[in-house]
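Listed below are the residues making up each chain.
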Amino acid sequence: MPNASHVLDRVLVLEMVRVTEAAAIAASSLIGRGDEKAADHAAVEAMREALNQLYMDGTVVIGEGERDEAPMLFIGEKVGSAIGKGPKIDIALDPLEGTTITAKAGPNALAVLAVAEEGNLLNAPDVYMDKIAVGPGYPQGVIDLNKTPTENIQAIAAAKGVKPNEIIACVLDRTRHEKLIAELREIGCGIMLIPDGDVAGVIATSDPDTTIDVYMGQGGAPEGVLACAALRCVGGQFQGRLVFRNEDERARAAKWGIEDLDKIYTLEELAKGDCIFAATGVTDGSLLAGVKRVRGKMTTESVVMRASSGTVRWVKGEHRID
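Parameters at a glance
- Residues numbered from 1 in each chain as written.
- Predicted model: local features only at pLDDT ≥ 70, side-chain atom pairs only at ≥ 80, totals over all residues.
- Heavy atoms only, no water.
- 1 Å grid on protein atoms, 1.4 Å probe; cavity = no way out; pocket = protein on both sides within 12 Å on 5 of 7 lines; lining within 4 Å.
- Points joined across faces, edges and corners; volume = space filled by probe spheres on them.
- Helix = DSSP H or I, 4+ residues; strand = E, 2+ residues; numbered from the N terminus.
- Nonpolar A, V, L, I, M, F, W, Y, C, P; charged D, E, K, R; others polar.
- Buried < 20%, exposed > 50% of the residue type's maximum accessible area, 1.4 Å probe, protein only.
- Polar contact = N/O pair within 3.5 Å; in protein donor to acceptor, adjacent residues only side chain to side chain.
- Contact = heavy atoms within 4.5 Å.
- Core = buried A, V, L, I, M, F, W, Y, C linked by side-chain atoms within 4.5 Å.
- Expected span 1.5 Å × (residues − 1).
- Arc of directions from axis to C-beta.
- Pairing = 2+ DSSP bridges.

## Structural notes on the layout of surface pockets
At step 1: Space inside the largest pocket adds up to approximately 780 Å³.
At step 2: Lining the largest pocket are 31 residues, and of these Asp 94, Thr 99, Asp 126, Gly 220 and Glu 223 sit closest to its centre.
At step 3: Mapped by element, the contributors of at least two residues to the lining of the largest pocket are helix H3 (36-51), strand S3 (88-97), helix H4 (99-104), strand S8 (214-220), helix H8 (221-234) and helix H9 (247-255).
At step 4: Ranked by residue count, the leading element in the lining of the largest pocket is S3, at four residues.
At step 5: Class assignment for the residues of the lining of the largest pocket results in eight nonpolar, eight polar and 15 charged.
At step 6: Residue lining of the second largest pocket: 17 residues in total, with Asp 130, Leu 145, Pro 149, Leu 180 and Gly 217 positioned closest to the centre.
At step 7: Elements supplying a minimum of two residues to the lining of the second largest pocket: strand S5 (128-134), helix H5 (149-160), helix H6 (178-186) and S8.

This is the structure we're talking about:
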């Protein structure tokens, strides 16, 4: 377990919840309205405002994109009320993980945020990443991206003491996963297909109540870093390998200091040292309840975790509607 960071002590754990709550509440007014951009914009504006109220010298290392693509919360943006004098904090964020989900009022949309000391979160380019993740309780090395899906399922089943057809894998419902899904079904593995939101999918492996044993497939690399920050707090294993579809994406990786394009990253390489992860539900999901508006108030449900202590806090909030 990592040593507690005195730098992170300056950015109180519950302050992170206030940031994700603000983004979730802002996005919730656009649930089911069919406008992905408006929902994302509302969450971004609210999260940025909340971050700028915190006493820190923060740098966004995982954000809404590069500066020319995102007007706010872009990679490299400085946030906080003490730039140049406060504790130096790296921030990975997704103000609205599940923009399409929110627009369609589907499940598992979240506002998510992870913070660590400067240099402890991988500055991942906005490309795809091959991912595999399991929760705590397995022997180290039970998963391996160099092995086939079948071999990984067999290894997980053996470690768990069950047959492969008793394992449930979570996979994003995408055309690119047709071969993966076919192979998993060939060995009788159960598959929970999710429409979006692979941060929640990875975290679900750590919660026995979800019945999900393993997360597999390609998703966004930035989301991989966020999910790893959460797994660092609750335990588990993760491997990720960046996927490049063209020269432009390779050049983007080089720009952010990625030299070995075929490297398989472990949990500790994506999120090092002490870190804090926070998430607030926007719509109802397996991890968190969504924002509700009831009789002049709003209710929120959040989770906040810290790697150094292994503490997981579930926070229910009531917010008066002015």
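## Some remarks on the side chain of His 319
At step 1: Here His 319 lies in strand S14 (residues 311-320).
At step 2: On the basis of relative accessible area, His 319 is assigned to the buried category, the value being 18%.
At step 3: A distance of 2.9 Å separates the side chain of His 319 from the side chain of Thr 300, its partner in a polar contact.
At step 4: Apart from the residues lying within four places of it in its own chain, the contact partners of His 319 are Glu 21, Ile 25, Lys 297, Met 298 and Thr 300.

## Brief notes about the nonpolar core
At step 1: One finds Phe 238, Leu 242, Leu 270 and Phe 277 to be the most contacted residues of the largest nonpolar core, which totals 49 residues.
At step 2: Of all hydrophobic cores here, the second largest spans 41 residues; its members include Ile 25, Ala 27, Val 60 and Val 115.

## Remarks on H5
Two residues of an α-helix separated by three or four positions point the same way, owing to the 3.6 residues in each turn.
At step 1: The terminal C-alpha atoms of H5, which comprises 12 residues, lie 16 Å apart, in line with the 16 Å expected from a rise of 1.5 Å per residue.
At step 2: Considered for burial, the residues of H5 that qualify are Thr 150, Asn 152, Ile 153, Ile 156 and Ala 157. All buried residues of H5 lie within an arc of 165° about the axis, which places them on one face of the element.
At step 3: Tucked into the core, H5 has its buried residues touching S5, H6 and S8.
At step 4: At the exit of H5 stands Gly 161, carrying a positive phi of roughly 80°.

## A look at the pairing of strand S9 (residues 237-243)
At step 1: Of all the seven residues making up S9, seven are buried; the element is thus mostly covered by neighbouring parts of the structure.
At step 2: Relative to S9, S5 is paired through seven bridges, and the arrangement is antiparallel. Paired with Val 134 across the bridge in S9 is Gln 237.
At step 3: Pairing of S9 with strand S10 (residues 264-266), which is carried by three bridges, proceeds in the antiparallel orientation. The residue of S10 that forms the bridge with Gly 240 is Tyr 265.

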